[in-house]
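Analysis of the macromolecular model
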Amino acid sequence: GTLIMPYCSGIGNLIFAFLLAHKGGPGEDVMTNALVNNVTNLTLLIGLPAILWPAKPAAAPKGKSKKDGGRSADQLHRLSLLLTLTAVLFFSGAVYALGREGSLNFNDGLVLVGLFLFWQCFHVFEVLKTNARQGKSLGWKLPLNLALLGGGAYASYVSIDWLMTWLARSHSGFISAKNLGWLSGWLMVLPNAMLALYYGWRRKPEVVYTSQVGDGHICLPLCVGIFAAHHTLKLPGVFLTGVYIIGAATAIHLVFVGVLGRLPRIVGFALVAAYGFFLKQGVLR
């Protein structure tokens, strides 16, 4: 969930950043794409299911009606989610600290990519440690799944390249090259929206959280770092608003996941309102 799935949902953002870096496109669009992705995940796509299908408070265990193994699994899942949320907070903070001068250069890009690679190495060793304790191996399906991911990535590469070329020909109206960052961000967040709404309807808020939060650390810092390592990335006007909302939303999730294990409906309304403010500052200004 934290090692493989983020690549499945974030592969479009990675390809978008790579193509713009390869073609020398505007870095503002890469940052806008990343901010739209993360803000939408952490506010709208977690807050809306909490409004439509609120999770019920966990019933207090009676005696030993719930097995110790089940309690342990729930606790491990919550701790894993809290760790991922903490990583999003630190990654967003790193981008904010490095970009306070208004741009990200080659050295900043290396730092951001290095942070992400360290995060991935941590998860790889965690998987290997868990398998060693349980006497398991990675299995023959892993190379097959990675091959399928590679095939999907190539199909995404071809389609995103075509879409960017088509959009670059349009210079008037909202659906045009001047809004490339916003339009691409919304397009690439659609798979996450489908996951959030489906599992919210199925009353599985833990899957909603995992699917949205796990995708957050692909855009910040990896996508931004890849572009900055190729070209100096100038920050868009909505940068500070987006980073502040990401930081505040992540802190809110840390509190409610850590204390209640769920998101109350009233907080869901607040998150959706924060997303509306983000759109007002970035699109409607």
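Residues numbered from 1 in each chain as written. Predicted model: local features only at pLDDT ≥ 70, side-chain atom pairs only at ≥ 80, totals over all residues. Heavy atoms only, no water.

**What to know about the overall build of the protein**
Put simply, the test is: Strands here mean DSSP runs of E at least two residues long; helices mean DSSP runs of H or I at least four residues long; both are numbered from the N terminus. Every radius of gyration here is taken over C-alpha atoms, with the globule rule written as 2.2 Å times N^0.38, N being the number of residues.
Within the protein, the regular secondary structure consists of 10 helices and 2 strands. Counting helices and strands in the order they occur from the N terminus, the protein gives α-α-α-β-α-α-α-α-α-β-α-α. Against the 2.2 N^0.38 benchmark of 19 Å for 285 residues, the protein shows a C-alpha radius of gyration of 19 Å, consistent with a compact globule. For the protein, the C-alpha atoms occupy an extent of roughly 65 × 45 × 35 Å along the three principal directions.

**A closer look at empty space enclosed by the protein**
Which entries qualify depends on this criterion: As defined here, a cavity is a set of points on a 1 Å grid over the protein atoms alone where a 1.4 Å probe fits but cannot get out. A pocket is an open set with protein on both sides within 12 Å along at least five of seven lines, and residues line them when an atom is within 4 Å of a point. Grid points are joined across faces, edges and corners, and a volume is the space filled by probe spheres set on the points. Residues are grouped as follows: Ala, Val, Leu, Ile, Met, Phe, Trp, Tyr, Cys and Pro are nonpolar; Asp, Glu, Lys and Arg are charged; every other residue, Gly included, is polar.
Taken as a whole, this structure holds 1 cavity of 30 Å³ or more when the rule is applied. Taken together, 13 residues line the largest cavity, and the ones lying closest to its centre are Ile46, Pro49, Ala50, Trp53 and Pro205. Elements supplying a minimum of two residues to the lining of the largest cavity: helix H2 (27-52) and helix H8 (205-228). Of the residues belonging to the lining of the largest cavity, the class tally is 10 nonpolar, 1 polar and 2 charged.

**Considering helix H6 (residues 180-188)**
To be explicit about the condition: Only protein chains enter the accessibility calculation, which uses a 1.4 Å probe; a residue whose area is less than 20% of its type maximum is buried, one above 50% is exposed, and one in between is partly exposed. Any two residues having at least one pair of non-hydrogen atoms within 4.5 Å are treated as being in contact.
For H6, the buried fraction is high: 7 of the 9 residues fall into the buried class. Among the residues of H6, those classed as buried are Leu180, Gly181, Trp182, Leu183, Ser184, Gly185 and Met188. On its buried face, H6 is in contact with helix H1 (5-23), H2, helix H5 (141-168), helix H7 (190-201) and helix H10 (265-282).

**Notes on the side chain of Asn33**
Rules: What qualifies as a polar contact is a pair of N or O atoms within 3.5 Å, subject to a donor-acceptor requirement within protein and to the restriction that residues adjacent in sequence count only when both atoms come from side chains.
Structurally, the position occupied by Asn33 is in helix H2. Within the structure, Asn33 has its side chain in polar contact with the side chain of Asn13 (distance 2.8 Å). Setting aside chain neighbours within four positions, we find Asn33 in contact with Asn13, Phe16, Gly181, Ser184, Gly185 and Met188.

**What to know about the packing of H2 against H7**
This is how the line gets drawn: Think of each axis as a best-fit line through the C-alpha atoms, taken over the contacting stretch in the case of a helix, with angles from 0 to 180 degrees between the N-to-C directions. Each angle is binned into one of four classes, with values under 35 degrees roughly parallel, values over 145 roughly antiparallel, values of 65 to 115 roughly perpendicular, and all other values oblique. By convention the crossing between two helices is left-handed if the near helix lies anticlockwise of the far one by an angle smaller than a right angle, and right-handed if it lies clockwise.
Here H2 crosses H7 at 25°, and the two axes come no closer than 8 Å. Taken as axis vectors, H2 and H7 run roughly parallel relative to one another. Every pair of crossing elements has a handedness; the one defined by H2 and H7 is right-handed. Taking contact as the criterion, the partners of Asn41, Leu45, Leu48 and Pro49 in H2 are, on H7, Asn192, Ala193, Ala196, Leu197 and Gly200. Partitioning the contact of H2 with H7 into residue classes produces 6 nonpolar, 3 polar and no charged.

**Here we look at the pattern of salt bridges**
Side-chain pairs of opposite charge can arise where the charged atoms are in close proximity. Under the convention used in this document: Put simply, a salt bridge is a Lys or Arg side-chain nitrogen that is within 4 Å of an Asp or Glu carboxyl oxygen.
Across all of its chains, the model carries 2 salt bridges by this definition. Measuring nitrogen to oxygen at the nearest pair gives 2.5 Å for the salt bridge that ties Asp161 to Lys23. Separated by 138 residues along the polypeptide, Asp161 in helix H5 and Lys23 in helix H1 bring together distant segments of the chain. The exposure class of Lys23 is partly exposed, given its relative accessible area of 45%.

**Concerning H2**
For the record, the criterion: Helix span is expected to be 1.5 Å times the residue number reduced by one. Two axes enter the definition of the bend at a residue: one is fitted to the seven residues ending there, the other to the seven starting there, and the bend is the angle between them.
For H2, spanning 26 residues, the distance from its first C-alpha to its last is 37 Å, which sits close to the expected 38 Å at 1.5 Å a residue. The largest bend in H2 comes to about 40°, at Thr40. Among the 26 residues that make up H2, 22 are buried, leaving the element largely enclosed by the rest of the structure.

**Quick word on unusual backbone geometry**
The step from Leu220 to Pro221 runs through a cis peptide bond, and the omega angle for that step is 20°. Of note, Pro221 is situated in helix H8. We note that Arg203 has phi near 60°; this positive angle belongs to a residue other than glycine. Mapped onto the fold, Arg203 is located in the loop between H7 and H8.

**Some details on the confidence of the model for the protein**
Rules: Residue-level confidence of the predictor is what pLDDT reports, using numbers from 0 through 100.
For the protein, per-residue confidence averages 88 on the pLDDT scale, and residues scoring 70 or more make up 93% of the total. The secondary structure element of the protein with the lowest average pLDDT is helix H3 (residues 68-98), at 85, and the one with the highest is strand S1 (residues 103-104), at 96.

**Let's talk about the packing of aromatic side chains**
Each aromatic ring pair is specified by the distance between its two centres and by the angle formed by the two planes. Applied cut-off: Only Phe, Tyr and Trp rings take part, Trp by its six-membered ring, and two of them pair if their centres are within 6.5 Å. Stacked means planes under 30 degrees apart, edge-to-face means over 60, and tilted covers everything else.
In this structure the tally under the stated criterion is 10 aromatic pairs. With a centroid separation of 6.1 Å and an interplanar angle of 50°, the aromatic rings of Tyr96 and Tyr244 are classed as tilted. Here Tyr96 is found in helix H3, whereas its partner Tyr244 is found in helix H9 (residues 239-259), with 148 residues between them in sequence. Owing to a relative accessible area of 25%, Tyr96 belongs among the partly exposed residues under this scheme. Take Tyr244: its relative accessible area is 48%, and that puts it in the partly exposed class. Where Tyr198 meets Trp201, the ring centres are 6.1 Å apart and the plane angle is 50°; that geometry is what we call tilted. Within this pair, Tyr198 and its partner Trp201 are both found in helix H7, separated by 3 residues, close to a single helical turn.

**Some details on a nonpolar patch on the surface**
Note the threshold: Each patch is built from residues that are more than 30% exposed by relative accessible area and take part in no salt bridge. Like charges join if they lie within 9 Å; nonpolar side chains (Val, Leu, Ile, Met, Phe, Trp, Tyr) join within 5 Å. We get accessible surface area from the Shrake-Rupley algorithm with a probe of 1.4 Å; when it comes to residues, only the shown protein chains can shield them.
A contiguous nonpolar surface patch, about 720 Å² in accessible area, is contributed by Trp162, Leu163, Trp166, Phe174, Ile175, Leu187 and Leu190. Secondary-structure assignment places Phe174 in the loop between H5 and H6. Assessed through its relative accessible area of 40%, Phe174 is described here as partly exposed.

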